[in-house]
Amino acid sequence: MTIKHGSDTFLREKSWRIVMYIFRIFHKLSPYFHYPVVGPLLKRLADLEPEAHTQGYTLNLNVSLTKSAQGVVMPIDMMKQAVAHSTYRAIMNKCLCRSAYSCKNFPLDHACLFLGEGARKIVKEGSGREASVTEAIAHIYRGAELGLVGQALWIEVERFLLGIKREKDVAHWLEMCFCCPCCCGTFKLQKATNQKDIKDRFKSIGWKAVINEELCIKCEKCIEKCPIKVISSKNSSININEQECLGCGLCASGCPKEAIKLELQAPLLKTVEDYFTNSGLKINM
Ligand code: SF4
Ligand code: SF4
Ligand code: SF4
């Protein structure tokens, strides 16, 4: 299929500084989503209004953390399957979030992988390179080795970056991200806002972190590690907000006593695309 791309220049090298600047301002303003006037305006600018489809699903790439669920498809396999389904693949030259914050902990060049026809614009504008299925899968494994968190994202406002103009073309891409707890924009957004409608857009695909009280020594390292701050300490007990936990596994991999396990608490859907279809967006890449 052919997508009508527009002629905007947001993806070109010289526009990156502007995009980075907007990005940082947006994160700074995220705690104000619930304010009258400013909040609705911000939501409108960021395409986070109720009718917008922006959403994301965490795909924990650390196979050792999810091995307790043997017999089910691993998130890394779901990501690979999505790559195999796609008609086109592009890897961005630089991770937008890590570039915006000059990340010191993870490489800037391990960036988002865009799948589907919408991704052609990235290559056309020189902001990324085309990837074969094999190259895209190698990119996923490198993300896992680096300890990054996988996310499947469909961010409505990115249709401007991709220059997709026609309404009927908007669902022809999906973004596979390799996110760091320090810079990722969606983690920052979830941490900063208290708006349930925004938090609910980003979910676990089924895994949740669970603490074994008997092993826990209350060192609180997991509280520091959680990228969206859903672990808290109260009356010398460590609690995880199960509803909001993304199952990213960063708390479990940082626990010195192996007191946190990821448990699969909801049946997995067949494909990554199915999660989006369930929320009303029919991805077709
Ligand atoms: S969402 Fe993840 S991979 Fe994509 S730009 Fe942000 S940190 Fe980088
Ligand atoms: S990191 Fe592990 S031991 Fe430390 S408080 Fe968290 S669960 Fe307990
Ligand atoms: S509680 Fe653990 S698994 Fe859940 S979001 Fe926080 S770090 Fe990730």
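Scoring rules and cut-offs
- Residues numbered from 1 in each chain as written.
- Chains lettered and ligands numbered in written order.
- Predicted model: local features only at pLDDT ≥ 70, side-chain atom pairs only at ≥ 80, totals over all residues.
- Helix = DSSP H or I, 4+ residues; strand = E, 2+ residues; numbered from the N terminus.
- Rg over C-alpha atoms; globule rule 2.2 N^0.38 Å.
- Buried ≥ 20, exposed ≤ 12 C-beta atoms within 10 Å, placed from the backbone.
- Contact = placed C-beta atoms within 7 Å.
- Domains from an automatic or database assignment.
- Nonpolar A, V, L, I, M, F, W, Y, C, P; charged D, E, K, R; others polar.
- Near = placed C-beta within 6 Å.
- Axes fitted to C-alpha atoms, helices over the stretch in contact; angles between N-to-C directions.
- Parallel < 35°, antiparallel > 145°, perpendicular 65-115°, else oblique.
- Left-handed = near helix turned anticlockwise from the far one by under 90°.
- Pairing = 2+ DSSP bridges.

S.K.: Got a sec to walk through the overall build of the protein? Specific residues and values, please.
M.R.: Each helix and strand counted, the protein has 13 helices and 11 strands in total. A compact globule built from 285 residues would reach a C-alpha radius of gyration of about 19 Å, and the protein, at 19 Å, matches this within 12%. Burial statistics for the protein: of 285 residues in total, 43% are counted as buried. Excluding contacts between residues fewer than 6 apart, the proportion of contacts in the protein whose partners are at least 24 apart in sequence is 77%.

S.K.: Explain the domain arrangement of the protein to me, using residue names and the numbers behind them.
M.R.: One can read the domain layout of the protein as domain 1 (13–204 + 270–278) and domain 2 (207–265). For domain 1 versus domain 2, the distance between C-alpha centres works out to 24 Å. If you look at the interface, domain 1 gives 17 residues, while domain 2 gives 17 residues. For the side of domain 1 that touches domain 2, the element with the most residues is helix 9 (residues 185–192), which contributes 3 residues. Residues belonging to the side of domain 1 that touches domain 2 are distributed by class as follows: 8 nonpolar, 7 polar and 2 charged.

S.K.: Describe the site of ligand 1, naming the residues involved and giving the relevant values.
M.R.: For ligand 1, the set of nearby residues contains 14 residues, the closest of which are Cys95, Leu96, Cys97, Cys177 and Cys179. Counting residues per element, the ones that place at least two in the shell around ligand 1 are helix 5 (96–100), strand 6 (174–179) and helix 9. Grouping the constituent residues of the shell around ligand 1 by class yields 11 nonpolar, 2 polar and 1 charged.

S.K.: Break down the packing of helix 4 (residues 75–85) against helix 7 (residues 133–145) for me, with residues and values.
M.R.: Running from N to C, helix 4 and helix 7 point in directions that differ by 155°, and their axes come no closer than 9 Å. As summarised for this structure, helix 4 and helix 7 are arranged roughly antiparallel, according to the angle between their axes. Between helix 4 and helix 7 the crossing geometry is right-handed. When helix 4 is examined against helix 7, the residues Ile76, Met79, Lys80, Val83 and Ala84 are found in contact with a partner set consisting of Val133, Ala136, Ile137, Ile140 and Ala144.

S.K.: Just give me the short version of the site of ligand 2, but keep the residues and values in it.
M.R.: Residues in close proximity to ligand 2 total 13 residues, the closest being Cys216, Cys219, Lys221, Cys222 and Cys255. The residue makeup of the shell around ligand 2, split by class, is 9 nonpolar, no polar and 4 charged.

S.K.: Please provide a residue-by-residue account of the sheet that holds strand 6, values included.
M.R.: With mixed pairing, the 7 strands of this open sheet are ordered in space as 4-2-3-6-5-1-7. Of all strands in the sheet, those bounded by a partner on one side alone are strand 4 (128–130) and strand 7 (202–204). Across the sheet, the axes of successive neighbouring strands diverge by a mean angle of 25°, strand direction being ignored. Pairing of strand 1 (residues 55–59) with strand 7, which is carried by 3 bridges, proceeds in the parallel orientation. If you follow Tyr57 over to strand 7, its bridge partner there is Lys203.

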